[in-house]
Amino acid sequence: MAEIINLRQVRKAREKAEREAKAAENRLLFGRPKKAKTLAETRKAIEFARHEGHRLNEPDKE
């Protein structure tokens, strides 16, 4: 015999799993402290300046 399931419970469980997956994704994207964000931005700016400093000539300004 087939197992009887409650479709409402299945739907709610599926929606809950989707919400949990979205929350986990958001924690990765937005879950960094302000100090870590500013440190990363500073490092990125320093790397960009260093990279641009090694440029041999100016880019075309048309």
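Since this is a predicted model, take the numbers as computed values, not measurements.

A. Region of interest: helix α1 (residues 7-30). Look at α1: 34 Å from first C-alpha to last across 24 residues, which is about the 34 Å you get at 1.5 Å a residue. With a side-chain oxygen positioned 3.1 Å from the backbone nitrogen of Arg8, the residue opening α1 is Asn6.

B. Main features of the pattern of salt bridges. Applying the stated rule across the entire model yields 2 salt bridges. Close ionic contact of Arg11 with Glu15 constitutes a salt bridge, the shortest N to O distance being 3.7 Å. In this pair, Arg11 and Glu15 both sit in helix α1, 4 residues apart, roughly one turn of the helix. Residue Arg11 is classed as partly exposed on the basis of its relative accessible area, which comes to 37%. Exposure remark for Glu15: the relative accessible area of 33% places this residue in the partly exposed category. A salt bridge links Glu52 to Arg55, with the shortest nitrogen-to-oxygen separation between them at 3.0 Å.

Definitions and limits used
- Residues numbered from 1 in each chain as written.
- Predicted model: local features only at pLDDT ≥ 70, side-chain atom pairs only at ≥ 80, totals over all residues.
- Heavy atoms only, no water.
- Helix = DSSP H or I, 4+ residues; strand = E, 2+ residues; numbered from the N terminus.
- Expected span 1.5 Å × (residues − 1).
- Polar contact = N/O pair within 3.5 Å; in protein donor to acceptor, adjacent residues only side chain to side chain.
- Salt bridge = Lys/Arg side-chain N within 4 Å of Asp/Glu carboxyl O.
- Buried < 20%, exposed > 50% of the residue type's maximum accessible area, 1.4 Å probe, protein only.

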